Amino acid sequence: MKKVITYGTFDLLHWGHINLLKRAKEMGDYLIVAISSDAFNDLKNKKSYHSFENRKMILEAIRYVDEVIPEESWDQKIEDVIKHEVDSFVMGSDWEGKFDFLKDYCEVIYLPRTVGISTSKIKDDLLNLDNA
Ligand code: C2G
């Protein structure tokens with residue numbers, strides 16, 4: 001069984017996230033998503049609309065996702081890859097090159113980011129809607 005892992009906040013889930021998760025799952029048979037905890041989001045200077053528990057519940061409902069684990073630090077990826085016997089690490093291309101240190105442990109794949117959608121775009125558009 002080929003195991004794939006990916007990491008992210010996945011707040012205000014949108015079709016760019018789904019595109020990523022779909023393609024990540026196509027890389028293997030079992031997809032693990034490490035979802036950023038609320039505390040780790042603070043470290044990333046990201047404020048999520050949905051709590052960790054609710055973002056986790058939403059991700060677990062997605063057909064491409066087999067397992068959801070917490071992401072609590074920048075330094076857990078090697079341990080996660082070893083512990084979960086991961087074959088491929090997949091991220092969107094906005095992270096190109098940032099996680100190449102994992103190449104000693106698994107395949108590292110950066111997939112083209114979906115253009116035209118992002119959680120911050122959703123927030124901005126909704127704000128502008130109010131001011132329209
Ligand atoms: N993504 C994408 N296309 C978009 C938006 C996001 O392909 N239009 C991808 C990102 O590249 C990432 C994943 O979806 O691979 C999750 O995106 P975020 O929730 O924004 O995650 P991020 O804050 O980048 O967290 O340790 C890694 C970090 O936790 C990544």
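A short tour of the structure in this document, coming up. Just so you know, these numbers come straight off a predicted model, no measurement behind them. (Residues numbered from 1 in each chain as written. Predicted model: local features only at pLDDT ≥ 70, side-chain atom pairs only at ≥ 80, totals over all residues. Heavy atoms only, no water.)

**Some points on the nonpolar core**
Counting residues in each nonpolar core, the largest one holds 17 residues, and the members touching the most others are Leu 21, Leu 31, Val 33, Leu 59, Ile 62, Val 65 and Val 90. Elements represented by at least two residues in this core include exactly helix 1 (15-26), strand 2 (30-36), helix 3 (52-60) and strand 5 (107-111). Every residue in contact with Ile 62, bar those within four places of it in the chain, is listed here: Leu 13, Ile 18 and Leu 21. The next biggest cluster of nonpolar side chains, apart from the first, holds 15 residues, and it includes Phe 99, Cys 106, Val 108 and Tyr 110. (Core = buried A, V, L, I, M, F, W, Y, C linked by side-chain atoms within 4.5 Å. Buried < 20%, exposed > 50% of the residue type's maximum accessible area, 1.4 Å probe, protein only. Helix = DSSP H or I, 4+ residues; strand = E, 2+ residues; numbered from the N terminus. Contact = heavy atoms within 4.5 Å.)

**Comments concerning the environment of Leu 102**
Relative to the elements of secondary structure, Leu 102 occurs in the loop between strand 4 (88-92) and strand 5. Exposure remark for Leu 102: the relative accessible area of 0% places this residue in the buried category. In this structure, the C-alpha to C-alpha distance between Leu 102 and Ala 34, residues 68 residues apart in sequence, is 15 Å. Setting aside chain neighbours within four positions, we find Leu 102 in contact with Lys 77, Ile 78, Val 81, Phe 89 and Val 108.

**Digging into the environment of Phe 40**
Looking at the element boundaries, Phe 40 is found in helix 2 (residues 38-43). Note on Phe 40: relative accessible area 0%, which makes it buried. Taking the C-alpha atoms as reference points, Phe 40 and Pro 70, 30 residues apart in sequence, are found 9.4 Å from one another. In this structure Phe 40 touches Glu 71, Glu 72, Ser 73 and Trp 74, once residues within four positions along its chain are discounted.

**What to know about the pattern of salt bridges**
Two side chains bearing opposite charge may form a pair once their charged atoms approach each other closely. Evaluated as defined, the whole model comprises nine salt bridges. The residue Lys 121 makes a salt bridge to Asp 125 at a minimum N-O spacing of 2.7 Å. In this pair, Lys 121 and Asp 125 are both assigned in helix 5 (residues 119-131), four residues apart and thus about one turn of the helix distant. Given a relative accessible area of 37%, Asp 125 falls into the partly exposed group. (Salt bridge = Lys/Arg side-chain N within 4 Å of Asp/Glu carboxyl O.)

**Points about unusual backbone geometry**
The backbone of Leu 12 sits at a positive phi, close to 45 degrees, despite the residue not being glycine. On the secondary structure map, Leu 12 appears in the loop between strand 1 (3-8) and helix 1. By relative accessible area, Leu 12 is classed as buried at 19%. Phi is positive for Glu 85, which is not a glycine, with a value near 50 degrees. For Glu 85, the position within the fold is in the loop between helix 4 (77-83) and strand 4. We classify Glu 85 as exposed; its relative accessible area is 61%.

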